[in-house]
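Listed here are the chains, written in short residue letters.
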Amino acid sequence: MTVSRRSVIALADRFGRVATDLRVSLTDRCNLRCTYCMPAEGLAWMPQPDQLTDDEVNRLVRIAVERLGITEIRFTGGEPLIRRGLVGIVAAAARLDPRPRLSVTTNGIGLDRLAPALRDAGLDRVNVSLDTLDPARFHTLTRRDRHADVLAGLRAAAEAGLTPVKINTVLMRGVNDDEAPALLQFALDHGYQLRFIEQMPLDAQHQWDRHTMVTAEEILAALEPYALRPDDVSRGTAPAETWLVPGWTDAAGEPARVGVIASVTRPFCGDCDRTRLTADGQIRNCLFATEESDLRKLLRDDAPDAEIAEAWRVAMSGKRAGHGIDDPAFLQPARPMSAIGG
């Protein structure tokens, strides 16, 4: 069904920002135990009845696209590849009119098996998390011996055409901050696009410390041997500032780029175009929001699409001007990143 443009209600806030990018968390569960995300024993996972069903996810995604102007959807977790209905959810989103651009953020485990099916379902590309090239260090960071599986997932994604394949890397002081040049060289050699991400206060243990965070300035200093040049292509609403790597091209033959997502030291809140749906049907208008809006109850009370769309619009209208990390009154969200979605 095609919905007329007159029925679309923009997800606008009082500062004039319009959300067109939807991040959908499909599960809070993960098959890694990254030290900067959760404790070794894991977390108390979301009860299954609280989690949206595949049909409920599909309905909310449809409402977002047809009624609220969403043009890009990123499926996240936890680890989205462990959601059994993932391929079907992607296929349902790919059938929407207008068709949104579809991507997945994953740790890469199992991607070697799923990449062809995801491509056939309509997935456009993937982001794969990889913080180290050293298998032993990977085991220390993730508490799992799955480094080879992540590399296999990266290769499979590229072979399946889920491009550009992007790598997300978090550098941690005294842990892997010596690997920035090697990680960039790895990405260049394989035609991947690397994105360094400043560590954010979203860990379950609430142990984040700004003073031990590796900053964008430090990351760029470590990459000085590559003589990076500012990218003349506007970043628009993208979270990453990008630089050109002279003498290199990516898998598509375009100039190679490396990005830095400096959410803490160079916040881009004024250009944010994202809205977030958690695995239990809550709308978050900011990654660092401390309040949520419940769409699951509306779904299960058989509310019409128009009512759900209006509740979503109201939730986004109250978005704050910025995340407020520098504010002395800043409070870390109760949910960790694994329960919010990247």
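Residues numbered from 1 in each chain as written. Predicted model: local features only at pLDDT ≥ 70, side-chain atom pairs only at ≥ 80, totals over all residues. Heavy atoms only, no water.

**Section: the packing of helix 1 (residues 54-68) against helix 2 (residues 86-94)**
Inference 1: Here helix 1 crosses helix 2 at 25°, and the two axes come no closer than 10 Å. As far as their axial angle goes, helix 2 and helix 1 are roughly parallel. At the point where helix 1 passes helix 2, the crossing takes the right-handed sense. Contacts from Asp54, Val57, Asn58 and Val61 in helix 1 reach Ile89, Ala92 and Ala93 in helix 2. (Axes fitted to C-alpha atoms, helices over the stretch in contact; angles between N-to-C directions. Helix = DSSP H or I, 4+ residues; strand = E, 2+ residues; numbered from the N terminus. Parallel < 35°, antiparallel > 145°, perpendicular 65-115°, else oblique. Left-handed = near helix turned anticlockwise from the far one by under 90°. Contact = heavy atoms within 4.5 Å.)

**Remarks on the side chain of Asp305**
Inference 1: Among the secondary structure elements, Asp305 is positioned in helix 9 (residues 305-317).
Inference 2: At 2.8 Å, the side chain of Asp305 forms a polar contact with the side chain of Arg59.
Inference 3: In terms of polar contacts, Asp305 uses its side chain to reach the side chain of Arg62, at 2.8 Å.
Inference 4: Other than its neighbours up to four places away in sequence, Asp305 contacts Arg59, Arg62, Ile63 and Arg67. (Polar contact = N/O pair within 3.5 Å; in protein donor to acceptor, adjacent residues only side chain to side chain.)

**Examining empty space enclosed by the protein**
Inference 1: Taken as a whole and assessed by the stated rule, the structure comprises one cavity of 30 Å³ or more.
Inference 2: By volume, the largest cavity amounts to about 30 Å³.
Inference 3: Together, Leu11, Asp13, Arg17, Val18, Ala19, Cys272, Asp273, Arg274, Met316 and Lys319 line the largest cavity.
Inference 4: Class assignment of the residues belonging to the lining of the largest cavity gives a composition of five nonpolar, no polar and five charged. (1 Å grid on protein atoms, 1.4 Å probe; cavity = no way out; pocket = protein on both sides within 12 Å on 5 of 7 lines; lining within 4 Å. Points joined across faces, edges and corners; volume = space filled by probe spheres on them. Nonpolar A, V, L, I, M, F, W, Y, C, P; charged D, E, K, R; others polar.)

**Focus on helix 9**
Inference 1: For helix 9, which comprises 13 residues, the first-to-last C-alpha distance of 18 Å matches the rise-based estimate of 18 Å (1.5 Å per residue) to within 8%.
Inference 2: If you check which residues of helix 9 are buried, you get Asp305, Ile308, Ala309, Trp312, Ala315 and Met316. Axial view of helix 9: buried residues confined to an arc of 120°, hence all on one face. (Expected span 1.5 Å × (residues − 1). Buried < 20%, exposed > 50% of the residue type's maximum accessible area, 1.4 Å probe, protein only. Arc of directions from axis to C-beta.)

**Details of the packing of helix 1 against helix 9**
Inference 1: The interhelical angle for the contact between helix 1 and helix 9, taken along N-to-C directions, is 75°, at an axis separation of 10 Å. By the angle between their directions, the pair helix 1 and helix 9 is classed as roughly perpendicular. Packed against helix 1, whose contacting residues are Arg59, Leu60, Arg62, Ile63, Ala64, Arg67 and Leu68, the element helix 9 presents Asp305, Ala306, Ile308, Ala309 and Trp312 at the interface.
Inference 2: Looking at the contact of helix 1 with helix 9, its residues break down into eight nonpolar, no polar and four charged.

**Some words on the state of the cysteines**
Inference 1: Taken as a whole and assessed by the stated rule, the structure comprises zero disulfides.
Inference 2: With no disulfide of its own, Cys269 has Cys286 as its nearest cysteine by sulfur position, at a separation of 6.2 Å. (Disulfide = S-S within 2.5 Å.)

**Comments concerning the packing of aromatic side chains**
Inference 1: Summed over all chains, the structure comprises one aromatic pair.
Inference 2: Pairing Phe186 with Tyr192 gives two aromatic rings, centres 5.9 Å apart and planes at 55°, and the pair type is tilted. In terms of burial, Phe186 and Tyr192 fall into one category: buried. (Phe/Tyr/Trp six-rings, centres within 6.5 Å; stacked < 30°, edge-to-face > 60°.)

**A look at the confidence of the model for the chain**
Inference 1: Per-chain confidence: the chain averages 89 in pLDDT, with 89% of residues scoring 70 or above.
Inference 2: Below a pLDDT of 50 lies the segment residues 1-6, which in the model reaches four contacts outside its immediate sequence neighbourhood of four places, other chains included. (pLDDT = per-residue confidence, 0-100.)

**Describing the environment of Leu111**
Inference 1: Relative to the helices and strands, Leu111 resides in helix 3 (residues 111-121).
Inference 2: Taking the C-alpha atoms as reference points, Leu111 and Val150, separated by 39 residues in sequence, lie 7.8 Å from one another.

**Considerations on helix 5 (residues 147-160)**
Inference 1: End to end, helix 5 covers 20 Å across 14 residues, agreeing with the expected 20 Å (1.5 Å per residue, within 8%).
Inference 2: Every buried residue belonging to helix 5 is among His147, Val150, Leu151, Ala152, Gly153, Leu154, Ala156, Ala157 and Ala160, and all of these are buried.
Inference 3: Turning to helix 5, the residues buried within the fold contact helix 3, strand 6 (125-129), helix 4 (135-142), strand 7 (166-170) and helix 6 (180-190).
Inference 4: Looking one or two residues beyond helix 5, the residue adopting positive phi is Gly161, at roughly 85°.

**Side note on the sheet that holds strand 13 (residues 282-284)**
Inference 1: The mixed open sheet is built from twelve strands, whose spatial order is 9-10-11-8-7-6-5-4-3-12-13-14. Two strands close off the open sheet at either side, each with one partner strand: strand 9 (229-230) and strand 14 (293-294).
Inference 2: Where strand 3 (residues 21-25) meets strand 12 (residues 274-277), four bridges bridge the pair, whose relative direction is parallel. Bridging from a neighbouring strand, Leu22 pairs with Thr275 of strand 12.
Inference 3: Contacts between helix 1 and the sheet are confined to strand 3, strand 4 (72-76) and strand 12, with strand 3 contributing the most and set at about 175° to the helix. (Pairing = 2+ DSSP bridges.)

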